[in-house]
Amino acid sequence: MCGRYATTVDPGRLAADLDALDETDDSAAGPNYNVAPTNRVLTVVERHDRDHPDDDPRLRIRRMRWGLIPVWTKAAEPGVPVKGKPLFNARADKAATTASFRDAVKKRRCLVPMDGWYEWVVEGDPAAKGKAVKQPFYMSSADGSRLYMAGLWSVWRDRDRPDMDPLLSCTILTTDAVGDLTRIHDRMPLPMPREHWTAWLDPDHPAPLELLETPAPEAVSGIVARPVPALVNSVRNNGPELLADIDAGSAEQAGQISLL
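Heads up: these notes are all about the structure in this document. No experiment lies behind these values; they were computed from the predicted model shown. (Residues numbered from 1 in each chain as written. Predicted model: local features only at pLDDT ≥ 70, side-chain atom pairs only at ≥ 80, totals over all residues. Heavy atoms only, no water.)

With respect to the overall build of the protein chain
Looking only at helices and strands, one finds four helices and 15 strands in the protein chain. Counting only C-alpha atoms and orienting by the principal axes, one finds that the protein chain spans roughly 60 × 40 × 35 Å. Taking all 260 residues of the protein chain together, the buried fraction comes to 46%. For the protein chain, the share of sequence-separated contacts (at least 6 apart) that also reach a separation of at least 24 residues comes to 69%. Accessible surface, the protein chain as shown: approximately 13,600 Å² in total, 49% of it carbon and sulfur. One finds the centroid of the 32 positive side-chain charges in the protein chain at a distance of 8 Å from the centroid of its 38 negative side-chain charges. (Helix = DSSP H or I, 4+ residues; strand = E, 2+ residues; numbered from the N terminus. Buried < 20%, exposed > 50% of the residue type's maximum accessible area, 1.4 Å probe, protein only. Contact = heavy atoms within 4.5 Å. Areas by Shrake-Rupley, 256 points an atom, 1.4 Å probe, with all protein chains shown as cover. Lys, Arg positive; Asp, Glu negative; His and termini not counted. Charge placed at Lys NZ, Arg CZ, Asp CG, Glu CD.)

Quick look at the pattern of salt bridges
Summed over the entire model, instances satisfying the criterion amount to eleven salt bridges. Note that arginine 60 is salt-bridged to glutamate 23, the shortest N-O span being 2.6 Å. Note that arginine 60 is positioned in strand S5 (residues 58-66) and glutamate 23 in the loop between strand S2 (21-22) and strand S3 (32-35), a separation of 37 residues in sequence. Exposure remark for arginine 60: the relative accessible area of 6% places this residue in the buried category. Judged by its relative accessible area of 36%, glutamate 23 is partly exposed. Residues lysine 107 and aspartate 103 are paired through a salt bridge, measuring 3.8 Å at the closest nitrogen-oxygen approach. Of this pair, lysine 107 and aspartate 103 are both found in helix H2 (residues 102-107), four residues apart, which corresponds to roughly one turn of the helix. Salt bridges here are not isolated pairs; linked through shared partners, they connect Arg13, Asp17 and Arg146. (Salt bridge = Lys/Arg side-chain N within 4 Å of Asp/Glu carboxyl O.)

Examining the nonpolar core
Counting residues in each nonpolar core, the largest one holds 30 residues, and the members touching the most others are Leu18, Leu152, Leu173 and Trp200. Breaking this core down by element, the ones donating at least two residues are helix H1 (11-18), strand S4 (40-47), S5, H2, strand S12 (147-156) and helix H3 (197-201). Ranked by size, the runner-up nonpolar core spans 29 residues in total, among them Cys2, Val41, Val155 and Ile223. (Core = buried A, V, L, I, M, F, W, Y, C linked by side-chain atoms within 4.5 Å.)

If you want it as structure tokens, here you go:
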């Protein structure tokens, strides 16, 4: 799964890197080292211009709520959807046949850029008389390059208030973990290589179903996992200290594993 991640890129910088249009505002600008569901996150989509629908589609950077809201969701109050299951992840192998996601698989696919993501490994702690402890690990590119994960998005509107702005929301697709990442968790976000972006983001055609398949281990061979401080356990903590290296000796004494 993928329930927390880190992203430090500015939307303007991301737009420049991808030759995309920046359609965000700056209300959620700045690095976020502890992104959690319901946060507004950066996404990459490809869409036609509303005023010139016959023009070629362009890459666009948009902010969306992390946690997809199906279009049929009712409003709890004007402009606010009823709270439901937090759909921040979608299984890639089932998304095309799942009611909440199948429409998005056909025509609303996106990329979710991140520096890396977190998972927790449960280990026994001898110092705590056998009590289990959760050690957070951070998965990121060994060379520090940005990761782009496959996602789906939705446009929710309050049907009783058509005058209100729509709410954009997204989910991150997950797949079976492969390679060394299986030592951390049995699931992982689905990476989308650059060579598949055109097909994945195409707003006019369904994506090839093979893009939803579990990738080969080579797809994550450049991703490394390392233990990080337990500060990340609380969403109230948010800063570069969450990515600090922890003392390997202390981790071993606590019965925690290391993949370094």
